[in-house]
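# Understanding the architecture of this molecule
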Amino acid sequence: EHGDLGAESMGMNVVYYDVVPKLPMGNATQIPTLPELLGQSDFVSLHVPKLASTKNMIGKAELDAMRPGSFFLNASRGNVVVIPALAEALKSGHLRGAYIDVFPVEP
């Protein structure tokens, strides 16, 4: 989520990608494409609505595009992340950690 002033206060450089251009908050910088954002971020926090266009938006290709040793956080909807691809990225060590707030089917 762009404009996270808490992250900025911890010395993080905040960048964001959004399908709708928005005015930056604080020192946040908008990145033009999702692959570009994934390739330069140590922490990726996902906040998107449940739409046909967001279903499985983070899969193997997107996870592979992330920086080695980075962290992925899904605080949006369960169907936006391909869970087996995320599990493989964690098992292989490509991602150092993940936080999943929701799953495709809630327990």
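This report concerns the structure included in the present document. (Residues numbered from 1 in each chain as written. Predicted model: local features only at pLDDT ≥ 70, side-chain atom pairs only at ≥ 80, totals over all residues. Heavy atoms only, no water.)

### Things to note about helix α4 (residues 83–91)
Heads up, the condition is: The buried label applies to any residue whose accessible area, calculated with a 1.4 Å probe on protein chains only, is under 20% of its type's maximum; exposed applies above 50%, and partly exposed to all values in between. Secondary structure elements are defined from DSSP: runs of H or I of at least 4 residues count as helices, runs of E of at least 2 residues count as strands, and each element is numbered from the N terminus. This arc is taken over the directions from the axis of the helix to the C-beta atoms. Note on contacts: a residue pair is in contact if any heavy atoms of the two residues lie within 4.5 Å.
For α4, every residue scored as buried is listed here: Ala85, Leu86 and Ala89. One side of α4 carries all its buried residues, which in axial view fall inside an arc of 100 degrees. Residues of α4 that are exposed and point over 90 degrees away from its buried face: Pro84 and Lys91. As for α4, its buried residues are in contact with α3 (60–65), β4 (70–74) and β5 (95–100).

### Considering the pairing of strand β3 (residues 43–46)
Each regular strand displays side chains that alternate between the two surfaces of the sheet. Our working definition: Pairing between two strands requires that DSSP report at least two bridges joining them. Here a crossover is taken to be right-handed if, once the strands point away from the viewer, the path from the first strand over the helix to the second is traced clockwise.
Every second residue of β3 is oriented toward a common face, the buried set being Val44 and Leu46 and the non-buried set Phe43 and Ser45. Two strands pair when backbone bridges link them, and β3 and β4 are joined in this way by four bridges, in the parallel orientation. Paired with Val44 across the bridge in β4 is Phe72. Since β3 and β4 lie parallel, the crossover through α3 that links them has a hand, and here it is right-handed.

### Points about the sheet that holds β4
Let me state the cut-off plainly: To define axes, lines are fitted to C-alpha atoms, for helices over the stretch in contact only, and angles between the resulting N-to-C directions are given on a 0 to 180 degree scale.
One open sheet accounts for three strands, arranged β3-β4-β5; its pairing is parallel. A single partner strand is all that each edge strand has here, and the edge strands are β3 and β5. In this sheet, neighbouring strand axes are inclined to one another by 10 degrees on average, regardless of whether the strands run parallel or antiparallel. This element, α4, spans β4 and β5 of the sheet and lies at about 145 degrees to β5.

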